[in-house]
Amino acid sequence: MHKIACHECDLVHDIPPMPERAAARCVRCGSILFRSRKNSIDRTLAWTLAGLVLYGIAVSYPFLTMKSGSIAQQTSLLSGVEQLYNQKNVALATLVLLTVVLLPLIQLLSLVYIFIPLKFNLRGRFAIPVFRLLGQIRPWSMMEIYMLGILVSIVKLAKMATIVPGLAVIAFSLLIFVLTFALSAVDHHMVWERLEKDL
Ligand SMILES: [Zn+2]
């Protein structure tokens, strides 16, 4: 038995152990206190591992190839950042490096660090700060916006040159979804409960 406060009206409830796929509602205002999810650990891990594979492809394969006449220029995620840096767009290069390259990797690795031990009823030494960090990073991940920017520039550049999307574009687009699925499979309530258990 543990306590949870309603997000809407702050009424504190005692929550008994819940069956899978059940929802607990506030007795006063009826809003949902939390939902227990089915196979949350396995689903989170499966999406996370798929995410790592896609991430590997997204950073190591060509992103776009631009062809104009006999000149072809290939760009990858990292060489794109490097080009921005060389063009003295240091702020933009840093922003892209952080939000597109580093944050997704940190999110994926944090999920691995928390959920592989949880799967075996263990807990990593820094699991609590890492899980807290994971919650704080989420609003800063701007992969979708980056993807939109790329689509806009493809449309613009298509008039001047032939643009061939590389394997990394597909991997990166899929990664946006897969990472969202991985994060939404996380059962925060269950994770906190497990993490605090042997404190
Ligand atoms: Zn309430």
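Residues numbered from 1 in each chain as written. Predicted model: local features only at pLDDT ≥ 70, side-chain atom pairs only at ≥ 80, totals over all residues. Heavy atoms only, no water.

1. Observations regarding the coordination of the zinc ion
Perfect tetrahedral coordination of a metal by four donors corresponds to 109.5 degrees between them, and perfect octahedral coordination by six donors corresponds to 90 or 180 degrees.
Then, number 1: Within the first shell, the zinc ion binds the protein through Cys 6 (SG), Cys 9 (SG), Cys 26 (SG) and Cys 29 (SG), at distances of 2.2 to 2.3 Å.
Then, number 2: One way to put it: the 4 donor atoms around the zinc ion meet at angles of 103 to 119°, and that makes the site tetrahedral.
Then, number 3: Here the donor residues of the zinc ion share one chain and are spaced in sequence as C-x2-C-x16-C-x2-C.
Then, number 4: Residue classification places Cys 26 among the buried residues on the basis of a relative accessible area of 4%.
Then, number 5: Note on Cys 29: relative accessible area 40%, which makes it partly exposed. (Donors = N, O, S within 2.8 Å, 3.2 Å for Na, K, Ca; no water. Tetrahedral: all angles 85-135°; square planar, octahedral: opposite > 155°, others 65-115°. Buried < 20%, exposed > 50% of the residue type's maximum accessible area, 1.4 Å probe, protein only.)

2. Digging into a positive patch on the surface
Then, number 1: Together, Arg 21, Arg 25, Arg 35, Arg 37, Lys 38 and Arg 43 make up a positively charged patch on the protein surface.
Then, number 2: With respect to the helices and strands, Arg 35 occurs in strand β4 (residues 32-35). (Patch = residues over 30% accessible without salt bridge, like charges linked within 9 Å, V, L, I, M, F, W, Y side chains within 5 Å. Areas by Shrake-Rupley, 256 points an atom, 1.4 Å probe, with all protein chains shown as cover. Salt bridge = Lys/Arg side-chain N within 4 Å of Asp/Glu carboxyl O. Lys, Arg positive; Asp, Glu negative; His and termini not counted. Charge placed at Lys NZ, Arg CZ, Asp CG, Glu CD. Helix = DSSP H or I, 4+ residues; strand = E, 2+ residues; numbered from the N terminus.)

3. Some points on the domain arrangement of the chain
Then, number 1: Annotation of the chain at the domain level lists domain 1 (1-36) and domain 2 (39-197).
Then, number 2: Computed over C-alpha atoms only, the centres of domain 1 and domain 2 are separated by 33 Å.
Then, number 3: The junction of domain 1 with domain 2 conceals about 340 Å² of combined surface from both sides, 48% of it contributed by carbon and sulfur atoms.
Then, number 4: Taken as a group, His 2, Glu 20 and Phe 34 account for 73% of the area that domain 1 buries against domain 2, more than any other trio of residues on that side.
Then, number 5: For the pair domain 1 and domain 2, the number of links is 0 salt bridges.
Then, number 6: Viewed at the interface, domain 2 and domain 1 are joined by 0 residue pairs in polar contact (both at pLDDT 80 or more).
Then, number 7: Residue assignment for the side of domain 1 that touches domain 2 shows that the elements contributing at least two residues are β1 (2-5) and β4.
Then, number 8: Of the residues that constitute the side of domain 1 that touches domain 2, the class distribution is 2 nonpolar, 2 polar and 2 charged. (Domains from an automatic or database assignment. Buried area = accessible area lost by both parts, 1.4 Å probe. Polar contact = N/O pair within 3.5 Å; in protein donor to acceptor, adjacent residues only side chain to side chain. Nonpolar A, V, L, I, M, F, W, Y, C, P; charged D, E, K, R; others polar.)

4. Thoughts on the sheet that holds strand β6 (residues 71-75)
Then, number 1: Pairing is antiparallel in the open sheet, where 3 strands are placed in the order β6-β5-β7. Pairing within the sheet leaves two strands with one partner each, and these edge strands are β6 and β7 (162-165). Neighbour-to-neighbour, the strand axes of the sheet open up by a mean angle of 20°, direction not taken into account.
Then, number 2: Strand direction decides the pairing type here: strand β5 (residues 64-68) and β6, joined by 5 bridges, are antiparallel. (Pairing = 2+ DSSP bridges. Axes fitted to C-alpha atoms, helices over the stretch in contact; angles between N-to-C directions.)

5. Digging into a nonpolar patch on the surface
Then, number 1: Side chains of Leu 78, Leu 97, Leu 98, Leu 102, Ile 106 and Leu 133 sit close together on the surface and give an oily, nonpolar patch of about 440 Å² of accessible area.
Then, number 2: The leading source of residues in the nonpolar patch is helix α3 (residues 90-119), at 4 residues.
Then, number 3: Residue position: Ile 106 is located in helix α3.

6. Considerations on the packing of aromatic side chains
Then, number 1: On inspection of all chains with the given rule, the structure shows 4 aromatic pairs.
Then, number 2: Both rings, one in Trp 47 and one in Phe 181, keep their centres 4.8 Å apart while their planes meet at 50°; by these two values the pair is tilted. Note that Trp 47 is positioned in helix α1 (residues 40-60) and Phe 181 in helix α6 (residues 167-185), a separation of 134 residues in sequence.
Then, number 3: Residue class for Trp 47 comes out partly exposed when judged on its relative accessible area of 32%.
Then, number 4: Exposure remark for Phe 181: the relative accessible area of 38% places this residue in the partly exposed category.
Then, number 5: With a centroid separation of 5.9 Å and an interplanar angle of 65°, the aromatic rings of Phe 63 and Phe 172 are classed as edge-to-face. On the criterion of sequence distance, the pair formed by Phe 63 in the loop between α1 and β5 and Phe 172 in helix α6 is long-range, its members being 109 residues apart. Of the two residues examined, Phe 63 and Phe 172, each falls in the buried class.
Then, number 6: Cluster of aromatic residues (ring-pair linked, three or more members): Phe 63, Tyr 146 and Phe 172. (Phe/Tyr/Trp six-rings, centres within 6.5 Å; stacked < 30°, edge-to-face > 60°.)

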